[in-house]
Amino acid sequence: MMDKEEAAIQRSCFASDNNAGVHPEILASIYKVNSGHVLAYGDDPFTKTAIKQVQKEFGTDGEVFFVFNGTGANVSALATVTRPFQAIICPRTAHINVDECSSPERFIGCKLIDVDAPYGKITPAAIDPFLSSLGDEHQAQPKVVSITQATELGTVYRPEEIRILADYVHRHGMFLHMDGARLANAAAFLGCSLRDLTGDCGVDMLSFGGTKNGLMYGEAVIFFDQVLARDYRYTRKQTTQLASKMRYIAVQFERLLEHELWRENALHANRMAALLADLVRELPDLSIAYPVEANAVFVKMPKESLERLRSEFFFYITEDSGQLARWMTSFDTREEDVRRFGEAVAESLRE
Ligand SMILES: Cc1ncc(COP(=O)(O)O)c(C=O)c1O
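As the structure is a prediction and not an experimental result, all values here were calculated from the model.

Definitions and cut-offs
- Residues numbered from 1 in each chain as written.
- Predicted model: local features only at pLDDT ≥ 70, side-chain atom pairs only at ≥ 80, totals over all residues.
- Axes fitted to C-alpha atoms, helices over the stretch in contact; angles between N-to-C directions.
- Helix = DSSP H or I, 4+ residues; strand = E, 2+ residues; numbered from the N terminus.
- Parallel < 35°, antiparallel > 145°, perpendicular 65-115°, else oblique.
- Left-handed = near helix turned anticlockwise from the far one by under 90°.
- Contact = placed C-beta atoms within 7 Å.
- Nonpolar A, V, L, I, M, F, W, Y, C, P; charged D, E, K, R; others polar.
- Domains from an automatic or database assignment.
- Near = placed C-beta within 6 Å.
- Expected span 1.5 Å × (residues − 1).
- Buried ≥ 20, exposed ≤ 12 C-beta atoms within 10 Å, placed from the backbone.
- Arc of directions from axis to C-beta.
- Pairing = 2+ DSSP bridges.

Draft legend 1. The packing of helix α13 (residues 303-310) against helix α14 (residues 335-350), seen in detail. Axis separation between α13 and α14 bottoms out at 8 Å; the angle between their running directions is 135°. It follows that α13 is oblique to α14 by the angle criterion. Taken as a pair, α13 and α14 cross one another with a handedness that is right-handed. On α14, the residues that touch S305, R308 and L309 of α13 are A344, V345, S348 and L349. By residue class, the composition of the contact of α13 with α14 is four nonpolar, two polar and one charged.

Have a look at this one:
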């Protein structure tokens, strides 16, 4: 018999990578720095070391800052490079557009222009019609294009796609921001480095996620051009993202990057998603909605089957039709849970 705790874990283990715990090595790293007093707000040796390590990993002498969470990383990074009459272009599915309770609009004060993005990815062609406002004093002026890697739909931009976007954005005097809440999953999928998908492709600012890949909490904001970071110290504080006990975020990043723990965690999550997709792909009345490239599997299934399944497992339905479900895996997803879930999916379609 499963105990209550085990049953609760199983119930929610495909709902979100945020539902996972903390990687034991990350937890150990927090414990390791937990003695004595050091200067607060990032003036400590652990933060300085972690910043250097992030710079090395991303091949940049740009500026690195640690913050509490992903929404805060996005909002503070975007706020520091924009003015209130400007606009931020993003895919319709972007987290900043649909899942941040309009904090970008409130705290950045800019208009968000959301554009069509098949599979969660935008292209210059989709952005083009929105640039006719450039130079028109009656309209908000696009200043940043924000993309998400891996996307909210579990797909991954290839380096050439990012490079093309970056060139396009720069040609029009704008910046390219990347919401990299799951950058590790994208790099693991492509077998490349973190820098291959960011600074080396022309990304200007990055919200680099840690929480979804084994951290307790914490994200890093990276400006590949130091000039863009000029006012960020103040913006970070004003947007409430300056941690006093910074060493605990910093040391988690140091451990995540050491020996590429980020890749190990992300590869595992991706493999579990690929396995789940393989287990259900051939089932009748089920189709996989988007290419499974990172750690998300989106499926279309009859509403009644999804409801039956949801009485046993919690996960999100992402469309009003009630027929599109999102299943997510994480660094600690167990293969036996994936197999059990795959069987439950098959069962729900049989009933
Ligand atoms: C793509 C993406 N960006 C940003 C975030 C925001 O993270 P947080 O919940 O830490 O604010 C999330 C969280 O789910 C996300 O999926």
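That covers the picture; the talk isn't over yet.
Draft legend 2. Geometry of the domain arrangement of the chain. With domains assigned, the chain is organised as domain 1 (4-21 + 261-350) and domain 2 (24-259). Counting from both sides, the interface comprises 20 residues of domain 1 and, opposite them, 23 residues of domain 2. Secondary structure elements with two or more residues in the side of domain 1 that touches domain 2: α12 (261-280) and β9 (296-300). At eight residues, α12 tops the list of elements feeding residues into the side of domain 1 that touches domain 2. Partitioning the side of domain 1 that touches domain 2 into residue classes produces 13 nonpolar, four polar and three charged.

Draft legend 3. Representation of the site of the ligand in the model. Inspection of the region around the ligand gives N18, N69, G70, T71, H95, T148, E152, D179, A181 and T211 as its neighbouring residues. Looking at the shell around the ligand, its residues break down into one nonpolar, seven polar and two charged.

Draft legend 4. Highlighting the environment of R158. Among the structural elements, R158 can be located in the loop between β4 (141-148) and α8 (159-171). It is 20 Å that separates the C-alpha atoms of R158 and V144, two residues lying 14 residues apart in sequence.

Draft legend 5. Broad picture of α12. In a regular helix each residue adds 1.5 Å, so 20 residues correspond to 28 Å; α12 covers 29 Å between its end C-alpha atoms and thus fits that length. Within α12, burial applies to W262, N265, A266, A269, N270, M272, A273, L276 and V280. Looking straight down α12, one finds that the buried residues subtend no more than 155° of arc, so they occupy a single side. On the buried face of α12, the contacting elements are α9 (183-190), α11 (247-257), β9, β11 (324-328) and α14.

Draft legend 6. Spotlight on the sheet that holds β9. The four strands are arranged β8-β9-β11-β10 in an open sheet whose pairing can be described as antiparallel. Strands at the two margins of the open sheet, each flanked by one partner only, are β8 (287-288) and β10 (316-317). Summarising the sheet, β9 and β11 pair through five bridges and their orientation is antiparallel. Within the sheet, the bridge partner assigned to V297 lies in β11 and is W327. Its contacts with the sheet put α12 on β8, β9 and β11, and the angle it makes with β9 is roughly 20°.

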